[in-house]
Amino acid sequence: MLVLDALRVRYGPLEALHGVSLTFAQGEVTAVLGRNGAGKSTLLRAVAGYLRASSGRIHWQGSDITRAPVRRRADAGVMLIPDEGGVFRTLTVRENLDLFAAGRELTPALDAFPDLRTLSRRRVTLLSGGEQQMLALSRALLAPWRLLLVDELSHGLAPVLATRLYDVLAALAAAHPDRAVVLAEPDPREALALADRVHVLRRGELAATGSPADFDPATL
Amino acid sequence: MFYAGLALNGLAIGCVAALAAVGLLATYRVTGVFNIAFGSNAVFCAYVMWQCVRVWHLPLAVAALLVLGIVAPGVGLVLERFVYRPLRRSGASGLLVATLGVLVLQLGLVFLLWGGRSYVDAPSLLPAGSVRLPGSLTLPYATIVELCVVALIAVLLTFLLRATRVGLMVRAVVDDRDLASALVPADRLAAGGWAFGSFLAGVAGVLWAPIYHLDPYSLTLTVLETMGVAVLARLTSLPIAVVAALAIGIGQTELTAVHPAARWQGLVDAFHTNLFVLVLFAALMVVPRLGIRDSGAAGGGLHRQGARRTSRVDHISRLPLGALSLVLALPLFFDPADLRASLAVPALAVVFVSLVVATGYAGQISLGQAGYAGLGALFMAKLAGAGVPWLLALFLGPLLVVPLGWLTGYPAIHRRGLYLALTTFATAAVVARFVFAQPVFVGALVVSRPRGFTDDHWFYALELACLLLALLLVRSLHTGPMGRALVAMRDSETAAVSAGIDVRRMKVFVFACAAGLAGLGGALTTSAAQAFNPTDFDPVQGLVWFAAVAVWGVDSALGAVVGAAALVAVDVGTVSGVSSLLIGIGAVLLGRFPGGIGAAVRRAGDWAVRPVERPLTRRLSPAGRAVARAAAARARERPVS
Amino acid sequence: MSGGPRFRGVRIRGLRRRFGGVTAVDDVDLDVPAGAVTALIGPNGAGKTTLFHCVTGLDAADAGTVTLAPQPDRPAVLLSGLPPHARARAGVAWTFQRIELFAGLTVAENIRVGAENRSGRPLLSGLLGLPDPRRAAVRAVTGAVLERLGLTALADVSAGSLPTGTMRLVELGRALAAEPTALLLDEPASGLDDHQIVRLAEVLRALAADGLAILLVEHDIRFVTAVADRAYLMVAGRVLLSGTPDEVFASDLAREIYIGES
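Keep in mind the model is a prediction, meaning the values are calculated, not measured. Position numbers for residues start from 1 in each chain and track the written sequence from start to end. All chains are assigned letters beginning with A, and all ligands numbers beginning with 1, in the order in which they are written. Since the coordinates come from a predicted model, pLDDT governs what is reported: local features require at least 70, and pairs of side-chain atoms require 80 or more to be given and counted, while whole-chain, interface and lining totals use all residues. Where side-chain values are given, they derive from all heavy atoms of the structure, hydrogens and water being excluded.

Caption draft 1: A look at the overall build of chain C. Strands are runs of DSSP state E lasting at least two residues, helices are runs of H or I lasting at least four, and both sets are numbered from the N terminus onward. Regarding its fold elements, chain C presents ten helices and ten strands. Each of the three principal axes of chain C carries a C-alpha extent, and together these read 60 × 40 × 40 Å. Under the scheme applied here, a residue whose accessible area is under 20% of the maximum for its type counts as buried, over 50% as exposed, and between as partly exposed, the area being computed with a 1.4 Å probe on protein chains only. Residues classed as buried in chain C amount to 55% of the 262 residues present. Contacts in chain C between residues far apart in sequence, at least 24 positions, make up 67% of those at least 6 positions apart. Here a residue-residue contact requires only that any non-hydrogen atoms of the pair lie within 4.5 Å.

This is the structure in structure tokens:
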């Protein structure tokens, strides 16, 4: 499980996370809610290793990974699907899948998203936003992970597509009850339906923690 | 007419160009960076090779192994680790300035270590002699070997990138290093890419040096000119690059057989000796888009962050302005030799200010200011020769450059980043080769100062007046509605358009202004020296100028003036190479200090005059504070569930 | 910003845009009347943003016309063929799906740029530093827009350091500062919290009441229902349905293709 201890992250002179302490338990789906700029993406990127913590510690399955590079964390099972840039834009769909799978079978992704089968040879730049998001999510279907961090899965998507991606994610989480999933979302509705536990960030600080039943989507 | 013998000679030239172009493209494909410093890298390796063989008397094979096996890849590894890796998240412009910095730095190093001397005895790795072909034609072995090397690189690289897993991983790293770093050993792959690219530069340098003279400027420029071939290939197709390079080489030698009427001969000669420059220029005009991701604001990575004080009075800038005026007046009390040296300062400062206008204010990277400066000098001299009073010619000459700036500004409308940089550079190169290098244009020029200004004191005072005029003129480009519109255009062109700003007209206008200013600077330079010296306006010189202005803060006119003074002072006070080395180091480090020295000084100034009551516990931006207040108020209204 | 004859709607006729083999916008007729909010909804890739760009001039339509509707005393203004900045000066203002602010300017300066470039001033007079005759008017409009959007307290804050929701408001302010007749908004509610969405809805309703013609592309069903007078459902480049937002969202087609309930 993942333990954040007084994590601080800054961009130049501006601090985006002011000492956040959190625990993401194995076997739980956690939703991190909060508006844009609350520090959700920063939190996820710091856990995945793309941002350096200015102070505080990150422990993952008992070992301290605060200073570990992206690659080491990825090998330890941490996977981030960012809201933008989760795919290689100049490569084809097939090449993206090959890189994600690293020699493993492609069928799990192609079965979940049959559209990708027909788009196999197309360059990612020519895909629609929804198709790109499907491709990005495929990574979680192709490679093993212990901790999946998903940043704004439904960003800019029509409701029908967002629902579909959430269904895939829910099935994935259900199939692996021993792993941890963290969703960052500005819009609480979908995330609340899926999550076992909810954290609310406000201005870079932890504002509230609870179970989904404690929160009313309309007032968040 | 087509001459087979000439064609074979042309093949040799084409091979050399193909080697450069393939090297450039290969580096681009495996690193994602269009390496403008490819040429200087080649030159550096060639000089090391010369040192090994001619000074240390190492056997040729050992030297080759040392240079190509250790030095060249090593340079690539060092550059990747300390220059390009820290810049991996900065945009195309940041990388462009870094590569420029590396170029200037390597040139400075060559000047410092070898005094910038040319050598004709560069050791050759290629076999002498040639194959006899039917029809009493001969084909040198060297050409055959070069052709094989080019073909080998092209085929091997294409296969590697297209058909292997490592190739796919390399492409992934070039596409998105952040994402790739979670999937593949991205840092090692990038380092490998740079080592390979640098190795190719080494190969090119070592193979060229014996063919051309070993000379820092001309060899670097030769490589830069072969960029036209890379542009024709849209930075993607290796086969097109090879074919184009060979075709141009052959075309070049075939043109030597064209003998038109005597008065056109000069023009034809200019064509065939400079066909690569022409191709570079034409290719940039014709090829609509390069296969590169050239995103972001045009000057991104060059400008400092945060709001600029366009509408408010800038109290801090008064202080350096006053101090600067005093310092600039000092040379009037220098002894004659030092005053003579100081004459270069205001002239160069005006050119630098023109760069600030084009690149700092309008966000248009311009590597071609040397061309406009030279034209300003030339027009002034021509007018003075035609009987126009000298003082009038001094201003009329640069004014004539304005329409040319207007004209050449048009290509700038739709180009940005690297593409714009190459276009402006090509313009300067064309002007240098077809005007400044042609006796028809630069013969019999009147550049001596008239009565009243032969005394350096008076002339220096006149220069200062011109500099002041230039600074006053650019002030309105920095403040008020115009200044705001330019910042808007720089930050987001699409948004500027939506606000009703005619971005195209604005760009061309600013380009023309900058060209006129550069012309004035050039006219002053030439008048100060009382001689039109083409090397003053060498295109490579323009690159050094650009890097210098970037280091001092590309949007700081005062920084540009200080930078000009510093450059002249270092050049006069030390051996050649030191100034380039310093500028190069500064430009390479620019990614870590956005905004350059000017911004650093301003930040220090802001800090010194900061309000005392500012809470220092948690340093927030003004926005952060306002938002924090609002959030606190809201939190009081609605308690968290 | 008083109502009156200066507000005119946008009329789109037979608009068509192709990219390679794909027809992104296929023979669309659409009226954006003055004094009302018109919403354009549809799944991703339906061509909404392309249609948008064809109206602003950021993209060129292959066929069809975009005009500012005629009025009793004034003829129609043909926008098709004009470059985007000219359309902006003619009275069309717009915001972007991905926020495009001038990060190097303050909030007030961002809005001011919108106000002071609506008429083309000779560049040379700007270079020579001649005073701007519209200076007073520009100041007044800037102040009024800041006030209206509740941004006065943030006037001197650098626009690049704002949270997303506030950035959207500044973008809207810059559009309003040009005193447009028609306002086009591409996903204005994206990235806004519920409070800000309510605020935005109020502002848009008030602007429509003033007489502005407003067209918005939006995914947020509640927001569209709250703010729009009329909604158009766009699918695969064609406008298939129109009506009040409630009617459109209740239709079988919208439920199947857009909302995803069957």
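Caption draft 2: Looking closely at helix H6 (residues 129-142) of chain A. Residue and element names in this part refer to chain A. What a helix is expected to span follows from its residue count: subtract one and scale by 1.5 Å. Relative to the 20 Å expected for 14 residues at 1.5 Å per residue, H6 spans 20 Å between its end C-alpha atoms, a close match to the ideal helical length. Taking burial as the measure, the 14 residues of H6 include twelve buried ones, the bulk of the element. All of the buried residues along H6 are Gly-130, Gln-132, Gln-133, Met-134, Leu-135, Ala-136, Leu-137, Ser-138, Arg-139, Ala-140, Leu-141 and Leu-142.

Caption draft 3: Layout of the domain arrangement of chain B. All names here are of chain B. Along its sequence, chain B is carved into domain 1 (4-286) and domain 2 (323-602). Counting from both sides, the interface comprises 37 residues of domain 1 and, opposite them, 41 residues of domain 2. Between domain 1 and domain 2, roughly 3,300 Å² of surface is buried when both sides are summed, and carbon and sulfur atoms account for 81% of that area. Salt bridges are defined as contacts in which a side-chain nitrogen from Lys or Arg sits within 4 Å of a carboxyl oxygen from Asp or Glu. When the shortest N-O distance is used, the salt bridge between Glu-225 and Arg-433 registers 2.9 Å. Each polar contact in these results corresponds to two N or O atoms within 3.5 Å; when the atoms are within protein, one needs to be able to donate a hydrogen and the other to accept it, and residues that are neighboring in sequence are counted only if both atoms are side-chain atoms. One can count three residue pairs in polar contact (both at pLDDT 80 or more) joining domain 1 with domain 2. Elements with a minimum of two residues in the side of domain 1 that touches domain 2: helix H3 (60-84), helix H4 (92-114), helix H9 (216-225), helix H10 (227-232), helix H12 (262-273) and helix H13 (275-286). Throughout the structure description, domain borders are defined by an automatic or database domain assignment. Buried area is a sum: the accessible area each of two parts loses on coming together, probed at 1.4 Å, counted once for each and added.

Caption draft 4: Just the sheet that holds strand S1 (residues 10-19) of chain C, in detail. Residues and elements named next belong to chain C. Strand pairing is defined by DSSP finding a minimum of two bridges between the two strands. Spatially, S2-S1-S4-S5 is the arrangement adopted by the four strands of the open sheet, whose pairing is antiparallel. Two strands close off the open sheet at either side, each with one partner strand: strand S2 (22-32) and strand S5 (77-78). Taken together, the seven bridges between S1 and S2 define a ladder with antiparallel strand orientation. Each bridged residue has a counterpart across the sheet, and for Leu-15 the counterpart in S2 is Val-28.

Caption draft 5: Structural context of the pattern of salt bridges. In total, this model carries 31 salt bridges over all chains according to the counting rule given. Residue A:Glu28 pairs with A:Arg197 through a salt bridge whose shortest N-O separation is 3.5 Å. On the criterion of sequence distance, the pair formed by A:Glu28 in the loop between strand S2 (14-24) and strand S3 (29-33) and A:Arg197 in strand S9 (residues 197-202) is long-range, its members being 169 residues apart. In this structure, C:Asp31 and C:Arg13 form a salt bridge, with 3.0 Å as the shortest nitrogen-oxygen distance. Here C:Asp31 is found in strand S2, whereas its partner C:Arg13 is found in strand S1, with 18 residues between them in sequence. For C:Asp31, a relative accessible area of 33% translates into the label partly exposed. Under the relative-accessibility criterion, C:Arg13 is labelled partly exposed at 32%. Each of the salt bridges in this network shares a partner with another, and the network as a whole consists of B:Glu80, B:Arg85, B:Arg177 and B:Asp187.

Caption draft 6: Representation of the packing of helix H3 (residues 107-116) of chain C against helix H5 (residues 135-148) of chain C within the structure. All names here are of chain C. Angles shown run from 0 to 180 degrees and are taken between the N-to-C directions of axes, each axis being a line fitted to C-alpha atoms and, for helices, limited to the stretch in contact. At a minimum axis separation of 9 Å, H3 and H5 run at an interaxial angle of 130°. With respect to their mutual orientation, H3 and H5 come out oblique. For H3 against H5, the interelement crossing comes out right-handed. The segment H3 lies against H5, with Val-107, Ala-108, Ile-111, Arg-112, Ala-115 and Glu-116 engaging Arg-135, Val-138, Arg-139, Val-141, Thr-142, Val-145 and Leu-146. Of the residues that constitute the contact of H3 with H5, the class distribution is eight nonpolar, one polar and four charged. Oblique is the label for any angle not covered by the other classes, which are roughly parallel (under 35 degrees), roughly antiparallel (over 145) and roughly perpendicular (65 to 115). Crossings are assigned a handedness: left-handed for a near helix turned anticlockwise from the far helix by less than a right angle, right-handed for a clockwise turn. Here the term charged refers only to Asp, Glu, Lys and Arg, the term nonpolar to Ala, Val, Leu, Ile, Met, Phe, Trp, Tyr, Cys and Pro, and the term polar to all other amino acids, Gly among them.

Caption draft 7: Region of interest: the sheet that holds strand S10 (residues 205-210) of chain A. Residues and elements named next belong to chain A. Taken in spatial order, the six strands make up an open sheet running S6-S7-S8-S3-S9-S10, and their pairing is mixed. Of all the strands in the sheet, just strand S6 (78-81) and S10 have a single pairing partner and so form its edges. Taken over all neighbouring pairs, the strand axes of this sheet differ in orientation by 20° on average, direction set aside. Where helix H1 (residues 40-48) meets the sheet, its contacts fall on S3, S6, strand S7 (147-151), strand S8 (180-185) and S9, and the angle it forms with S7 comes to roughly 145°. This element, H6, spans S6 and S7 of the sheet and lies at about 165° to S6.

Caption draft 8: Quick peek at the packing of aromatic side chains. The rule is short: rings of Phe, Tyr and Trp, with Trp giving its six-membered ring, pair when the centres are within 6.5 Å, and they are stacked under 30 degrees, edge-to-face over 60, tilted in between. Scanning the entire structure with this criterion turns up twelve aromatic pairs over all chains. When the ring of B:Phe44 is compared with that of B:Trp114, the centres are 6.4 Å apart and the planes differ by 75°; the resulting orientation is edge-to-face. Of this pair, B:Phe44 sits in helix H2 (residues 38-55) while B:Trp114 sits in helix H4; the two residues are 70 residues apart in sequence, bridging distant segments of the chain. Relative accessible area serves as the criterion here: at 12%, B:Phe44 is assigned to the buried category. Their ring planes at 35° and their centres at 5.7 Å tell us that B:Phe532 and B:Phe537 sit as a pair that is tilted. Taken together, B:Phe44, B:Tyr47, B:Trp50, B:Trp114 and B:Tyr119 form an aromatic cluster joined through their ring pairs. Residue placement shows A:Arg179 over the ring face of A:Trp145; its charged tip is 4.8 Å from the ring centre. A ring is scored as having a charge over it whenever the NZ atom of a lysine or the CZ atom of an arginine sits within 6 Å of its centre and within 35 degrees of its normal. Cation over ring: C:Arg174 sits above C:Phe102, and NZ or CZ is 4.7 Å from the ring centre.

Caption draft 9: Here's a closer look at the interface of chain B and chain C. The interface of chain B with chain C comprises 37 residues on the first partner and 38 residues on the second. The contact between chain B and chain C buries some 3,100 Å² in all, and 65% of this surface belongs to carbon and sulfur atoms. Inspection of the region where chain B meets chain C yields one salt bridge. For the salt bridge of C:Glu116 with B:Arg484, the shortest nitrogen-to-oxygen distance reads 2.7 Å. Our count for the contact surface shared by chain B and chain C stands at seven residue pairs in polar contact (both at pLDDT 80 or more).

Caption draft 10: Seen up close, the side chain of A:Gln133. Residue and element names in this part refer to chain A. Here Gln-133 lies in helix H6. At 3.0 Å, the side chain of Gln-133 and the backbone oxygen of Leu-153 are in polar contact. Apart from residues no more than four positions distant in its own chain, Gln-133 is found in contact with Asp-83, Glu-152, Leu-153, Leu-157 and Leu-165.

Caption draft 11: Focus on the side chain of B:Arg171. Looking at the element boundaries, B:Arg171 is found in helix H6 (residues 165-175). Its relative accessible area of 11% is what places B:Arg171 among the buried residues. A distance of 2.8 Å separates a polar side-chain atom of B:Arg171 from the backbone oxygen of B:Leu161. When sequence neighbours within four positions are dropped, the list of residues in contact with B:Arg171 reads A:Leu91, A:Glu95, B:Leu161 and B:Arg162.

Caption draft 12: Quick look at the nonpolar core. For this analysis, a nonpolar core means a set of buried residues of the types Ala, Val, Leu, Ile, Met, Phe, Trp, Tyr and Cys, connected via side-chain atoms within 4.5 Å. Judged by nonpolar contacts, the single largest core of 287 residues is most densely connected at A:Leu148 and B:Phe34. Tallying contributions element by element places helix H1 (residues 4-31) of chain B first for this core, with 15 residues. Shared between two domains, this core holds at least three residues of each, these being domain 1 (4-286) and domain 2 (323-602) of chain B. If near-sequence neighbours (up to four positions away) are discounted, B:Phe34 is found in contact with B:Leu24, B:Tyr28, B:Thr99, B:Met227, B:Ala230, B:Leu235, B:Leu418 and B:Leu422. By size, the runner-up hydrophobic cluster in this structure holds 55 residues, among which are C:Ala93, C:Ala108, C:Ala155 and C:Leu200.

Caption draft 13: Summary view of the confidence of the model for chain B. As a per-residue measure, pLDDT tells how confident the predictor is, with possible values from 0 to 100. With 89% of its residues at a pLDDT of 70 or more, chain B has an overall mean of 84. Across residues 293-301 of chain B, where pLDDT falls below 50, the model places 23 contacts with residues more than four positions away in sequence or in other chains.

Caption draft 14: Inspection of the pairing of strand S1 (residues 130-133) of chain B at higher detail. Residue and element names in this part refer to chain B. One ladder, built from four bridges, connects S1 with strand S2 (residues 137-140); its direction is antiparallel. Bridge pairing in S2 places Arg-132 opposite Thr-138. Taking the residues between adjacent antiparallel strands as the criterion, S1 and S2 are bridged by three residues, where Gly-135 takes a positive phi near 80°.

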